[in-house]
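Chain by chain, the residues:
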Amino acid sequence: MTEERFQELLEDYADGTIDEAGSEELMAGFAEDAELKERFVSQLRVANALHGLQAMDDSEQRTSQVLDSIRLAKDAPDISESVITELRGNIKVVPFPLMRIGWAIAAAVALILALITQRPAVESVATLANAADAQWADDQTFSENEGLPTGMLRLDSGIARIDFATGVRVTLEGPARLELLSKTEVRLHAGNLAAHVPPAGVGFQVYTKKVDVTDLGTTFGVSIGTDGSTDVEVFEGKVEVAPPVGDRSGSVTREIILEGDAINVPGDATKARRRRLKPRSFRGWQMLFGVLNTGGRIKFINAQAITNPSEVTDAENIIVFPERFHSAPQDSVTATFTSPGTYTHKELRNRSEPIVLQKRAVHSYLLQFNPPFNETAANSDQIPFIGEVTFDRPIIAVITDREQLIRSDPQLGKRRFTYPDRPVRGLEHGDSITLSADRHTLTVDWLVMQSLKNGMDQVRVVVDAGARTGADSSVY
């Protein structure tokens, strides 16, 4: 877009005379160049700062008035979301009047701006919750729990999880480029993204060059390949996909993608293809659900469509399943133990501790060893399975007893899961489990048989979710 055309569209917008074609042209420009949008909004803010400025003969008074107007601009609302909303719907929603100004005056004001040392406060739209081996580009540096304003995040390598106030979680796997547009919108320019959206966050949107994704209550992933191809995968719930504003290629039509399905838009902009979702490994997947690390014989469930734990078999690993998030149990739950330490099966037998959960929000997870069922196989020798899992929040209780597991299923189990009623569901003779002093890491040392009829070991872990959100999300 030429500078002359940019200024024409900017003046049309400020006058309220921009038409649909002009809106589409601007949106397409923003999609191609994030800095173009920032410059557009910045010049609108300058116009607002000068709103009401009256012509004065005294040049000294004029300068003072300009400076006062600019200083007041720091208290003006962020109009980025309003601008995007208006361009999409061509409905005027800017929360204050804008005046058309001569761009020569705007340039002079920009020069005065450079002399002002006080900068407007920047509002955060999200928080960097966790990062693992994260290397940021362009001298970007972020600390965990740091607020993030609108703008581009450039992750060269590693994993980063970004949390929004609505409870939406997004993880990035580098190399990736993610632009934060607002508290409910992001634009993925490159890389892999996974999103977990609770009921309070329904409507969260991810824009790409090929397709726009609107969450309808789900967990989903978006990936952009080096060739520009774009994949949208739905692990639970459903999303709506639509062509980007101004895209008339016809490669994408507005439609609903259901759980277990995926859509691929090739880089050459040919017709999008529907396909079934295939389980895959995604480094940001476990961090999305609050698991920072797994090691030894423990691994997190692969990114895949939701399934009952009893349907997942693995003779080589203990699998971690996320169950409920920000659950708000109505009744007390009986746990096996709540304090750090190492517990053998003998010490856990007949042990119980009631925990009151009504005044706190919790996450729950299921650790399971479930080898493939074989009707005719003889029992194998017992072998030790040692592993550990580290959570981003402190563990407040562990349930290892079969009866306690069954009684806690309605409160802490995932509503969509069907839990087995098997006599060997909990821990058995020879098993031990350790809760670290900081309450974040659980280490297991289990004796297992990799060929055992009806064999299954399960343990439930209850993690403190922090402040209660009021929304019980069991999305996986």
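Values in this document were obtained by computation on a predicted structure and should not be read as measured data.

So, how was this worked out
- Residues numbered from 1 in each chain as written.
- Predicted model: local features only at pLDDT ≥ 70, side-chain atom pairs only at ≥ 80, totals over all residues.
- Heavy atoms only, no water.
- Helix = DSSP H or I, 4+ residues; strand = E, 2+ residues; numbered from the N terminus.
- Buried < 20%, exposed > 50% of the residue type's maximum accessible area, 1.4 Å probe, protein only.
- Pairing = 2+ DSSP bridges.
- Axes fitted to C-alpha atoms, helices over the stretch in contact; angles between N-to-C directions.
- Contact = heavy atoms within 4.5 Å.
- Lys, Arg positive; Asp, Glu negative; His and termini not counted.
- Salt bridge = Lys/Arg side-chain N within 4 Å of Asp/Glu carboxyl O.
- Patch = residues over 30% accessible without salt bridge, like charges linked within 9 Å, V, L, I, M, F, W, Y side chains within 5 Å.
- Areas by Shrake-Rupley, 256 points an atom, 1.4 Å probe, with all protein chains shown as cover.
- Core = buried A, V, L, I, M, F, W, Y, C linked by side-chain atoms within 4.5 Å.

**Q** Could you clarify how one ought to interpret the overall build of the protein chain in this entry?
**A** Looking only at helices and strands, the protein chain features nine helices and 23 strands. Split into buried and exposed, the 476 residues of the protein chain put 51% on the buried side.

**Q** Please clarify how the sheet that holds strand 14 (residues 314–322) should be interpreted in this entry.
**A** Each strand in a sheet pairs with another by means of backbone hydrogen bonds, the pair being arranged parallel or else antiparallel. Strand order in the open sheet formed by five strands is 13-14-18-23-20, with mixed pairing between adjacent strands. The strands lining the two open edges of the sheet, one partner per strand, are strand 13 (298–300) and strand 20 (395–399). Strand-to-strand twist in this sheet, taken as the mean axis angle between neighbours without regard to direction, amounts to 25°. Against the sheet, helix 9 (residues 402–412) makes contact with strand 18 (362–370), strand 20 and strand 23 (457–464), and its axis sits at roughly 45° relative to strand 23, the strand it touches most.

**Q** Just checking my understanding: could you explain the side chain of Asp-215 for this structure?
**A** Take Asp-215: it is sitting in strand 7 (residues 212–224). Despite its burial, Asp-215 pairs with no opposite charge, the nearest such side chain being Lys-238 at 10 Å.

**Q** It is not clear to me how a nonpolar patch on the surface should be interpreted in this structure. Could you clarify?
**A** Where nonpolar side chains cluster on the molecular surface, the patch consists of Leu-216, Ile-256 and Leu-258 and spans about 230 Å² of accessible area. Looking at the element boundaries, Leu-216 is found in strand 7.

**Q** Which parts of the structure should I look at to understand the nonpolar core?
**A** By size, the foremost hydrophobic cluster in this structure holds 42 residues, and its most contacted members are Trp-285, Leu-367, Ile-433, Leu-442 and Trp-446. Setting aside residues no more than four positions away along its own chain, Leu-367 makes contact with Ile-298, Ile-318, Ile-319, Val-320, Val-389, Leu-442, Val-444, Trp-446, Asp-457, Gln-458, Val-459 and Val-461. Among the nonpolar cores identified, the runner-up in size contains 37 residues, and Phe-164, Leu-172, Val-211 and Val-265 belong to it.

**Q** Hey, could you run me through the pattern of salt bridges in this one?
**A** Summed over the entire model, instances satisfying the criterion amount to 24 salt bridges. Between Asp-138 and Arg-154 there is a salt bridge, with its nearest N and O atoms 3.0 Å apart. With a gap of 16 residues between them, Asp-138 in the loop between strand 1 (126–136) and strand 2 (146–148) and Arg-154 in strand 3 (residues 151–163) connect regions that are remote in the sequence. When its relative accessible area of 55% is taken as the criterion, Asp-138 is described as exposed.

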